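# Structural description and commentary
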Amino acid sequence: MKKILLLFISISFSSWVAAQSVVVRGKVTDGKEPLIGVSIVVKGTSTGTITDFDGNYELQSEANGTLVFSYIGFVAQEIPVNAQRTINVTMVEDAQSLKELVVVGYGTQRKSDLTGSVSSVKSKDIQTIATPSVEQALQGKIAGVLVTPSDGSPGAGAIIRIRGTGTLNNSNPFFVVDGMLLDDIGFLNPNDVESVEVLKDASATAIYGSRGANGVLIVTTKKGSAKNRAQIGLSSYYGSQDLLKKIALANATEYAQLRNLAAKNFGAPEPYKDPAAFGVGTDWQDVIFRTAPIKNLNLSARGGNDLMTYSVSGDYIKQDGILRGGDFERLSLRINNDYQLNRFIKIGHNFSVINTKSDYSPGMLYNAYYAPPTAPVKDSTGAFGNTTSDGSVGNPAAQLFYERYNKGSNFRTVGNFFVDVNIFKGLTYRANLGLDWSSVESKRFVPVFRVTDIQKVDVNSLDVARRKYINKLWENTLNYEKTIGKHRVNLLAGITAQTNDNFFFIGRGTELPNDVNNIGGDIDELLYLSLATKGITVNEGSDNGNNWRMFSYLFRANYTFNEKYLLTASYRRDGSSKFGKNRRFGNFPSVALGWRLKEEDFLKNVEWLSNLKLRASWGIIGNEKIDQTAKSPPVTGRLDAIFGTDERFLSGSTITRLANPDLHWEETQQTDIGFEAGFLNNRLTAEMDWYNRQTNDILTALQIPAFIGTQDPPTVNAAKVLNRGWDINLGWRDRVAGKIGYNVNAIFSTVHNEVLGLGEGKEEIFGGGVGEGGKLGTRTTIGSPIGAFFGYKVVGVFQNAEQLKSLPKRPNETPGTDVKVGDLIYADLDGDGVITSKDRTFLGSAIPKYTFSINIGADYQGIDFSVQLSSVQGNKVMNAKRLARFSTGNFEKSFLEGWTAEGTSNFEPRVTIGGRNYEVSKRFLEDGSFTAIRNAQIGYTLPLSIAQKIKLQNFRIYAAATNLKMWTKYSGYTPEITNGGDSFAIGIDRGVYPVARTYTIGVNATF
Amino acid sequence: MTPKIVKISLFTLLLLAGCKDSYYDIQPRGELTAENFFKTEEHAKVATNAIYNVLRNWEIHVFAFMGCTDIISDDADKGSEPNDALFLLDIDNLAFDAGNVAPVTLWQGYYRAIFRANIAIERIPEVKGDENLKKRLVDEAKFLRAYFYFNLVRWYGDLPLITKQLTQNDFKQTRAKTADVYAQIIADLKESITVLPEKSQYPAADLGRATKGAARGLLSKVYLTQKDYTNAEKYALEVITSNEYTLLADYGKIFTREGENSSESLFEVQSTVNDERTDGGSQFNEVQGVRGSPNLGWGFNRPSDAFILEFEPGDPRREATVLYEGEVLPDGSALVEKNPRVFNARFNQKAWVPKHAGENGSGPGNIRLLRYADVLLIAAEALNENGKTADALKYLNAVRKRARGTIPNIIPDVTITEKTKLREAIWHERRVELGMEQQRWFDLIRTGQAEAALKKHGKNFVKNKHELLPIPQSEIDLSAGTLTQNPGY
């Protein structure tokens, strides 16, 4: 061992001494002007630099080394040093970046050959946002892709809708990470991501067949490069998160005034003699929210040579929630290596291990919104303040204290192993084995406590859930590439199989030993179900699982003639256990054409036009995220019967629902017509697509007569939804006087969402509970968007007795008792003189009419600046928390503008606690449009000369702000309300965890 | 080149490609589905139990059931607070339409029950197991299916006659003629009679299952309803001569917890609740329980004045049937206090149960569906129609004798021999003996007394309309024109 070490040292030493080192200087230009930021690397080493603002560079190289010059949009050059001291280089522009590659399904394609609609986001753009979620980082970056944070809780992901909401059911896109097929990417750390490709049209997604209908996101993680020796990277940031905006709630005095007013309006005595005596009282929002840190540290080592490349990274992120009592922590490790075994065979793996821990904050938003500001957080005795003086609202601080133990953890391994065999020139075979194994645990403990009569728990309880997900993928593909004269073909064929096994255990135990020291679940060894003296009964625990299998064939052909005419055709056949016996296999074809007009003789010499391509595609794709129980419903259990003299329970279970052997995927047909253009040396780029996307065979409950006798109506493929719109992307990049580089990228998208059918005999789907009394806020009908808001139109407020007498009211409403002056006048739409449920109508939709974003970047002498503006327009929000008044709770300040006498208000009624003015109506519908500075960042990169002195290749520090500012008329925390992606409840604000504003400072260094 | 790897991979490819249908036939874990159910004897048993389970359901024997048997008749009023469950007030006043909740609920509930019975009848023969047991289970299901259809056909007349699991292709159904529905009921019951054991032949653990006696008794009632007195007599007498049943000496005892499955019980819905499980009961007791104090119920199904007046002087059955304000509860635990929100409250004492672990929501009392006294009166009625007056009187007086008990000078033996008079005496006896046992409406319709009796009771009975309930409007809408409405609705 010692000998080997010695040998190693001596070799290193001798090579150090033997190598003749020289300093090379020079200038890099494009023939006219100097080029800034050209990367120069000594081939086979980690030594490198970039050109400064005058295009000059300087670096040390071995005298016999080779310098590699590369710059985006230009052809890379390799120049041997040959002991020269000065090497000036003229870079040649890569004609329209001909060979720029884009990742597509099962391979890569030249960007110029692309016939489908594919957008790329690079690592640099993903890492600008301080978030643990790659999904959130994509917000406002891609035309046609609406990314909405699920909510603001720590570690939250995002709801992604590509080109509208494709179905009444699960409209989430499909994810591919380094070839592994997945339904989520919550495990990914943004620092590991090299690029995200979003496949939008059928030509791009049809290769994923029954999983392509809602679009596909392909994530490629960072790999080592064979050109470089070790590059050690360190990046870290620290951020401070806070609430962007508080809801304007009444303070104690205003609350007491409103209570008095409400009592007076009801005809009851005023409860508060002297409202002013309360002062401002308690601001419960201040009690539950806090300024919370977010920190991230990432270390990586990447490099390689001709035999292997490696990339090892470790990442730690901790995000505390701005709502007290919650945080998220994730530690992830990733190893992406390739090994060239011989000339023909390469093997490799992309492998990551992730451990996340979440502490969920109790849902205090509801209580903080309604708790009377007259109540103290704690009273003079130190006990939690009584918030129930006027109604049944819990004390949020007590909730935080007693219900704080709610934790989850996830241990997950995601990765793939592959073998590439180069069978002969042009033909390669790849076997890919993917694995996603995750083990999730959650525990919730509620101790015995008593704050008030309505906020108490008499019997403690422990809920434990353990889930295991094992997802295995086995893919075999053959790829053939050949160019013969003007013809270029690329053929792909493959067979893939995937299995998914899930196991769920849920247990609930009660009456665990009470321990004063364990109120917050602080003693771990007491949090096990074996200690429960009651429960885990059959009704309270379950142990089950589900699984599915899929087997597919896939084919694709790309053909390019004369660099002008492009044809792509693909076909996938999916067989899945999720589908019924009669429809086991689905076929998903697509075809696309492209025409690179710029290559035609009549445009070839048009100087200002650098690129013009027309493309059109059509295809059929599917959505297999369907309720697979519908094909063969589970037997209904616990239908026990009693028999015998001793009255014993005998187990009963039977089939109570109908199987649907015809159950199958939801099928989308998408047509896309678009063009790409570049002007002025591609400084100005434009891409525009029109799409028409119709989903048929959407799963819906069939309305059937009751005599058929099923417990639930069978689920059938019957509904239809249309999404149609434009995606536009405009980019401008330039460099002023060679010094100030800047770029502007604007994206614009529209979606027209319309339900075309709901299945035979079905005309409407009510949904979107507003949180009170089973009232529903949306109605989806043929011709409406999915989840359109539905309720009464408000004409005004009854100003006087005359109006009260003459204008339409609800039947049974006696003026003066059931309805009074100051109440809302609802519109009598059917003109029958009374207000009935038939007078309800469509009030608007939470689906935006259009969205746009502008990303601006600039750099000058090492200082870089970027800002992103995002705007969502035309969407409505139902302020359900203002609507829902179960009992007397606090009011929003807007109640102060309520009607008090004739002429005081014609939109806000007199103050009441509940009743007729709280129907789902336009009163509670607000404009959810907003424009936000999603991100702003300023950074400084140390000049290379200085960096190298401290042995750094690159060193950048920055300060950034995420969600810096939002302009919106909406009164709640945020108009971005997803309700978990429930298409019937999007935009219904029942109290959403607001997304934080985050200020960060960070550093990126490469050694 | 390394062809080996290629070979291995290609081989694997072929293997996978060779996957047959079985590759996709996987089942969820920890759950049975239609595909792996009905494989074992155990499955046959639990599927049969699941039909019995339905007998305790809200839709089958609780709220709407009270409504469309007692409340709709002249024996009971809606009860409860005046504004509670207004749809039942419409039932009470014969003011209901095709959207009324009660007929909608019954229709849905009974067809769901029939679905469970059909599944068992269709699929149990597939399972591997004891052939005799399988036969018995199928015939228990047939007995239950016959019971469900018997109630349905009496309520609605012509019906979609569903005797198997439907597939999407046969969702369109028309109403089968009443006679065809009865033919199916009779066929099911006749088969049950051949296979099902007598009550005494079942082991104690199976108490509560359908028996030969129950099938015979129900069949005699079916024939009586069809006015086939020969067969009604035949099957009622078969029950009597089987010597399986005797009248319980104390009439009042029948409806206590101790009186469950008494010697005169042919079929009753088994219910129980205990400290461990409260899901073995039904809301039968609750909806008819005392509203107010002591509060164990909702107070629906209030015995009417007319019903109380029907009793002969001193008939102890009146006190055993009606629970009044101010009366001591049957278990002596408390007084029924006056509830200011209910006018002149009265309750169905036959549905009363003492305090139990199920509290509100799940009562432990069995629901008595067929008693020996009922069979004796069926026999009496059929025998009278068949001219066998002496035998008719024998069975009628047996019922009266038991009611009389040891009290002298009340409810004397009937001695009428004139057919019409005797018929009326038997009908009177049915009303008081089976009062508040959800029989009255069916008897009124069956005997043609409905119009006169209900008009006398102040209800606007419309002839050729109110004999039948309306088919739920939603059913007619969803059937796309294949279902027709009953006349008058």
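Residues numbered from 1 in each chain as written. Chains lettered and ligands numbered in written order. Predicted model: local features only at pLDDT ≥ 70, side-chain atom pairs only at ≥ 80, totals over all residues.

## Considerations on the overall build of chain B
Summing up its helical and strand segments, chain B has 19 helices and six strands in all. Computed over its C-alpha atoms, the radius of gyration of chain B comes to 25 Å, within 12% of the 23 Å expected for a compact globule of 489 residues. Structurally, chain B occupies a C-alpha span of about 110 × 50 × 50 Å along its principal axes. Expressed as a percentage of the 489 residues in chain B, the buried residues total 52%. By sequence separation, contacts in chain B at least 24 residues apart represent 67% of the contacts at least 6 residues apart. (Helix = DSSP H or I, 4+ residues; strand = E, 2+ residues; numbered from the N terminus. Rg over C-alpha atoms; globule rule 2.2 N^0.38 Å. Buried ≥ 20, exposed ≤ 12 C-beta atoms within 10 Å, placed from the backbone. Contact = placed C-beta atoms within 7 Å.)

## Section: the overall build of chain A
Secondary structure summary: chain A contains twelve helices and 52 strands in total. Dimensions of chain A, computed from the C-alpha atoms along their principal axes, are close to 100 × 70 × 65 Å. Within chain A, buried positions represent 46% of all 1007 residues. Taking the contacts inside chain A whose residues are at least 6 apart along the sequence as the reference set, 70% of them involve residues at least 24 apart.

## Structural notes on the confidence of the model for chain A
Residues with a pLDDT of 70 or more make up 96% of chain A, whose mean pLDDT is 90. Below pLDDT 50 for its whole length, residues 1-18 of chain A participates in zero contacts with residues either more than four positions away or in separate chains. (pLDDT = per-residue confidence, 0-100.)

## Concerning the packing of helix α7 (residues 131-156) of chain B against helix α8 (residues 178-195) of chain B
All names here are of chain B. Contact geometry for α7 and α8: axes closest at 8 Å, N-to-C directions at 150 degrees. Regarding the angle of α7 to α8, the classification is roughly antiparallel. Crossing of α7 against α8: the hand is left-handed. Along its contact with α7, which presents Lys135, Arg136, Asp139, Lys142, Phe143, Arg145, Ala146, Tyr149, Phe150 and Val153, the element α8 presents Thr178, Val181, Tyr182, Gln184, Ile185, Asp188, Leu189, Glu191, Ser192 and Val195. (Axes fitted to C-alpha atoms, helices over the stretch in contact; angles between N-to-C directions. Parallel < 35°, antiparallel > 145°, perpendicular 65-115°, else oblique. Left-handed = near helix turned anticlockwise from the far one by under 90°.)

## Description of the interface of chain A and chain B
Facing the 54 residues of chain A at the interface are 54 residues of chain B. For the side of chain A that touches chain B, the elements supplying multiple residues, two or more each, are β22 (406-424), β23 (427-446), β27 (487-510), β29 (542-561), β30 (565-576), β33 (641-643) and β34 (648-650) of chain A. Residue composition of the side of chain A that touches chain B, by class: 27 nonpolar, 21 polar and six charged. (Nonpolar A, V, L, I, M, F, W, Y, C, P; charged D, E, K, R; others polar.)

## Side note on the sheet that holds strand β4 (residues 56-62) of chain A
Residues and elements named next belong to chain A. The strand order β4-β1-β7 describes an open sheet built from three strands, whose pairing is mixed. Looking at the sheet topology across the chains shown, the edges are occupied by β4 and β7 (89-90). By the bridge criterion, two bridges tie strand β1 (residues 21-29) to β7 in an arrangement that is parallel. Paired with Thr29 across the bridge in β7 is Thr90. (Pairing = 2+ DSSP bridges.)

## A closer look at the sheet that holds strand β6 (residues 77-80) of chain A
Two modes of strand pairing occur in sheets, parallel and antiparallel, and in both the strands are linked by backbone hydrogen bonds. Residue and element names in this part refer to chain A. One open sheet accounts for four strands, arranged β3-β2-β5-β6; its pairing is antiparallel. Of all the strands in the sheet, the pair left with one neighbour each is β3 (48-50) and β6. With strand direction ignored, the average angle separating the axes of adjacent strands in the sheet is 20 degrees. As defined by bridge partners, strand β5 (residues 66-70) adjoins β6 across four bridges and the pair is classed as antiparallel. By the bridge assignment, Phe69 is partnered in β6 with Gln77.

## What to know about the nonpolar core
The tendency in soluble globular proteins is for nonpolar side chains to be buried side by side. If you look at the biggest cluster of nonpolar residues, it comprises 154 residues, and the most contacted ones within it are Cys68, Ala120, Leu218, Leu376 and Ala379 of chain B. Apart from the residues within four sequence positions on either side, Ala379 of chain B is in contact with Glu233, Ala236, Leu237, Ile240 and Tyr395 of chain B. Residues Phe384, Val751, Leu925 and Ala985 of chain A belong to the second largest nonpolar core, which totals 81 residues. (Core = buried A, V, L, I, M, F, W, Y, C linked by C-beta atoms within 7 Å.)

## A look at the pairing of strand β11 (residues 145-149) of chain A
Residues and elements named next belong to chain A. Buried residues dominate β11, accounting for five of its five residues. Two elements, β11 and strand β12 (residues 158-162), share five bridges in a ladder whose sense is antiparallel. Bridge pairing in β12 links Val147 to Ile160.

## Here's the deal with the packing of helix α9 (residues 212-225) of chain B against helix α14 (residues 372-385) of chain B
Residue and element names in this part refer to chain B. Packing of α9 against α14 leaves a shortest axis separation of 10 Å and a crossing angle of 40 degrees. Between α9 and α14 the crossing geometry is left-handed. Contacts from Gly217, Ser220, Lys221 and Leu224 of α9 reach α14 at Val375, Ile378, Glu381 and Ala382. A per-class count over the contact of α9 with α14 returns four nonpolar, two polar and two charged.

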